[in-house]
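Structural characterization, general
One-letter residues, chain by chain:
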Amino acid sequence: MITIVDDDTRTGPDPRTAAVSIVGLGKLGSPMAACYASMGRRVVGLDLDLGKVESINRGVAPVTEPELQRLMDEAGDRLSATGDWAEIVASTDLTFVIVPTPSLADGGFTSRFVVSACEAIGEALRGKAGFHLVVVSSTVMPGSMDREVRPALEAASGKRCGVDVGLCYSPRFIALGTVVRDFLNPDLVLIGESDPRSGAFLESFYQSVHANNPPVARMGFANAELTKLAVNTFVTTKISFANMLAAICERLPGGDIDAVTGALGLDSRIGPKSLKGGLGYGGPCFPRDNRALARLALDLEAPAAIAEATDAINRLQVPRLLELVKSRLPAGGAVGVLGLAYKAGTDIVEESTGLELARCLLAEGIPVWAYDPLALDNAVRALGAVRASGDSSLRAAPSLEACVGAADVLVLATPWPEFATIQPEMIRRRPGRTAIIDCWRMLDGRRFAGVADYVPLGVGESGAADLRAVA
Ligand SMILES: NC(=O)c1ccc[n+]([C@@H]2O[C@H](COP(=O)([O-])OP(=O)(O)OC[C@H]3O[C@@H](n4cnc5c(N)ncnc54)[C@H](O)[C@@H]3O)[C@@H](O)[C@H]2O)c1
């Protein structure tokens, strides 16, 4: 990491020991608070949801995320939470804001919660002498920091950014399920800054908490805001590109997506990550960041055809899978959906392909059994509307084995490691053969030849790989 020490940082609080406050203790804010506190920092969280405040103060993780409870245990008394804005500002030098920025119907995001949090911080700052840095880590639309957030903070505090208060935009590139790992070892650190002192303070803070010495990119607000959306749009483009190739492989005699993307990823200009070829992307970030970039481009009259095509390909994935499932389903048969979380390691079902597939099948009156190690309750809640409309309801299977045994068509929709343990004996023998649609090619199809038709996505007829296990 390049260290840039601005002269002014020597006279204010020391970023390497500064106490930290975190506004918003949700899926990102809680792990962030626990990470910094487990490293020895004093961290005070604030949330409007007093249930989360109370949970933190009881030492219980307020959200589901691997490693979070362990880090909270390690943090002990260094981590606390409150609903008092004056307290967090007075007792810390650095405040991260990580509140929701919901998507609007046009694809953009609203910053209204970020603005209201910065107004509350600003009011509390009125009575504070000395430098305090406010860092927005929520994802915002390009232009928001200069147009809305900075004016709100300056008006409420009566201070000028760059003089007695600093303002940075530092969004995070994390994935649910690996939040802690991603926080501790980021690929890059992105800092948009109101002024060099603020950027230097934050860079020095990150240098003291990240063991992997990540590269730091510092710039003005607009470029940092665009970069955040651009990173996710580029990753989603890789995913849709691999899915486009997978669809081609399925129609190409001998086609095998893993052979193709495996070789593609060896090219250093391309790289292997996010090139698997399987189902579409989902979750609370990828789809919306991609659409937000397209929205921004449209507003600026600089069309983003790649972002639009990426989104269009992604939207094709559920209909494509639905048709495949229906083509294999005997009359009156049931579908088993394995995996409702949008990715393995999380209980989040937002824009998950497995959940959307279940929703479409239920809407057509097709019985659906579902199993997920973490996300089943959330899926049942999310599908409430389908149930209320009188269609058949989602049948929550108590175990992997129960779901496998109940299905005439089994879909491996989320690559949970547990699903690789499916055994041929779990398949119920019936007059028509069960079809196993393996979206991530987790199973060795040869082992199931006696009991099921194995259908891997991304593999063409008579493809050399169609019976091959892929780790
Ligand atoms: N979840 C992800 O994978 C992810 C990844 C990268 C970026 N982000 C961005 O991070 C931001 C937060 O996401 P999240 O998933 O943690 O959201 P979340 O909904 O899980 O948590 C947000 C928390 O903020 C609280 N809150 C709302 N308004 C508040 C206010 N004015 N003052 C104090 N607390 C308030 C809510 O009660 C909630 O606990 C969003 O902008 C999101 O786009 C999320």
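Residues numbered from 1 in each chain as written. Predicted model: local features only at pLDDT ≥ 70, side-chain atom pairs only at ≥ 80, totals over all residues. Heavy atoms only, no water.

**A few points about the domain arrangement of the chain**
- For the chain, the domain assignment lists domain 1 (7-219) and domain 2 (243-456).
- Placing the centre of domain 1 and that of domain 2 at their C-alpha centroids yields a distance of 35 Å.
- Across the contact, 18 residues belong to domain 1 and 15 residues belong to domain 2.
- Where domain 1 abuts domain 2, roughly 1200 Å² becomes buried across the two surfaces, and 57% of that area is made up of carbon and sulfur atoms.
- For the domain 1 face of the interface with domain 2, the top three residues by lost area are Thr64, Phe109 and Leu176, together amounting to 36%.
- Taken together, domain 1 and domain 2 are joined by zero salt bridges.
- Our count for the domain 1 to domain 2 interface comes out at four residue pairs in polar contact (both at pLDDT 80 or more). (Domains from an automatic or database assignment. Contact = heavy atoms within 4.5 Å. Buried area = accessible area lost by both parts, 1.4 Å probe. Salt bridge = Lys/Arg side-chain N within 4 Å of Asp/Glu carboxyl O. Polar contact = N/O pair within 3.5 Å; in protein donor to acceptor, adjacent residues only side chain to side chain.)

**Considerations on the site of the ligand**
- Near the ligand, the surroundings consist of 25 residues, among which Lys27, Leu28, Asp47, Thr101 and Arg288 are the closest.
- At a separation of 2.9 Å, an oxygen atom of the ligand approaches a polar side-chain atom of Lys27.
- With respect to the ligand, the backbone of Thr139 contributes an N or O atom lying 3.1 Å from an oxygen atom.
- Computed on the free molecule, the ligand has an accessible area of 840 Å², of which 88% lies beneath the protein chains in the complex.
- Among the residues making up the shell around the ligand, the classes are represented as 13 nonpolar, six polar and six charged.
- Two domains each donate at least three residues to the shell around the ligand, and these are domain 1 (7-219) and domain 2 (243-456). (Near = heavy atom within 4 Å. Areas by Shrake-Rupley, 256 points an atom, 1.4 Å probe, with all protein chains shown as cover. Nonpolar A, V, L, I, M, F, W, Y, C, P; charged D, E, K, R; others polar.)

**A word on the sheet that holds strand β4 (residues 94-97)**
- The strand order across the open sheet formed by eight strands is β3-β2-β1-β4-β5-β6-β7-β8, and the pairing between neighbours is mixed. Each edge of the sheet is formed by a strand with only one pairing partner; in this case those strands are β3 (79-82) and β8 (216-219). Averaged over all adjacent pairs, the angle separating strand axes in this sheet is 25°, with direction ignored. (Pairing = 2+ DSSP bridges. Helix = DSSP H or I, 4+ residues; strand = E, 2+ residues; numbered from the N terminus. Axes fitted to C-alpha atoms, helices over the stretch in contact; angles between N-to-C directions.)

**Thoughts on the state of the cysteines**
- In this structure the tally under the stated criterion is zero disulfides.
- Take Cys161: it sits in no disulfide, and the sulfur closest to it among the cysteines is that of Cys118, at 9.0 Å.
- Residue class for Cys161 comes out buried when judged on its relative accessible area of 8%.
- There is no disulfide at Cys439, and the cysteine sulfur nearest it, in Cys403, is 13 Å away. (Disulfide = S-S within 2.5 Å. Buried < 20%, exposed > 50% of the residue type's maximum accessible area, 1.4 Å probe, protein only.)

**What to know about empty space enclosed by the protein**
- This model, assessed by the stated rule, comprises one cavity of 30 Å³ or more.
- For the largest cavity, the calculated volume is near 100 Å³.
- Lining the largest cavity are 13 residues, with Pro171, Arg172, Phe173, Pro186 and Leu188 positioned closest to its centre.
- Every element with two or more residues in the lining of the largest cavity is listed here: α7 (179-184) and β7 (189-193).
- When the residues that make up the lining of the largest cavity are grouped by side-chain class, the tally is nine nonpolar, two polar and two charged. (1 Å grid on protein atoms, 1.4 Å probe; cavity = no way out; pocket = protein on both sides within 12 Å on 5 of 7 lines; lining within 4 Å. Points joined across faces, edges and corners; volume = space filled by probe spheres on them.)

**Some thoughts on the pairing of strand β13 (residues 434-438)**
- For β13, the tally of buried residues reaches five of five residues, placing the bulk of the element in the interior.
- Residues Thr434, Ile436 and Asp438 of β13 are buried on one face, and the alternating residues Ala435 and Ile437, pointing to the opposite face, are buried as well.
- Sheet topology places strand β12 (residues 409-412) next to β13; four bridges connect them, and they run parallel. Looking across to β13, one finds that Leu410 is bridged to Ile436.
- Examined bridge by bridge, β13 and strand β14 (residues 452-456) share five bridges and lie parallel to one another. By the bridge assignment, Ala435 is partnered in β14 with Asp453.

**A look at the sheet that holds strand β9 (residues 335-338)**
- Strand order in the open sheet formed by six strands is β11-β10-β9-β12-β13-β14, and the pairing between neighbours is parallel. Lying at the two open borders of the sheet, with one neighbouring strand each, are β11 (395-396) and β14.

**Focus: the packing of helix α5 (residues 112-125) against helix α6 (residues 144-157)**
- α6 packs onto α5 with a crossing angle of 25° between their chain directions and a minimal axis gap of 7 Å. Accordingly, the angle class assigned to the pair α5 and α6 is roughly parallel. With respect to the hand of their crossing, α5 and α6 are arranged in right-handed fashion. Across the interface between the two elements, Val114, Val115, Cys118, Glu119, Gly122, Glu123 and Leu125 from α5 touch Glu148, Val149, Ala152, Leu153, Ala156 and Ser157 from α6.
- Residues that form the contact of α5 with α6 fall into these classes: eight nonpolar, two polar and three charged. (Parallel < 35°, antiparallel > 145°, perpendicular 65-115°, else oblique. Left-handed = near helix turned anticlockwise from the far one by under 90°.)

**Focus: helix α8 (residues 196-209)**
- Taking 1.5 Å per residue as the helical rise, α8 with its 14 residues ought to reach 20 Å, and the 20 Å between its terminal C-alpha atoms agrees with that figure.
- Judged by how many residues are buried, α8 sits mostly within the fold: eleven of 14 residues are covered.
- Within α8, the full set of buried residues consists of Arg197, Ser198, Gly199, Ala200, Phe201, Leu202, Glu203, Ser204, Phe205, Tyr206 and Val209.
- Taking the backbone nitrogen of Arg197 as reference, a side-chain oxygen 3.2 Å away marks Asp195 as the first, capping residue of α8. (Expected span 1.5 Å × (residues − 1).)

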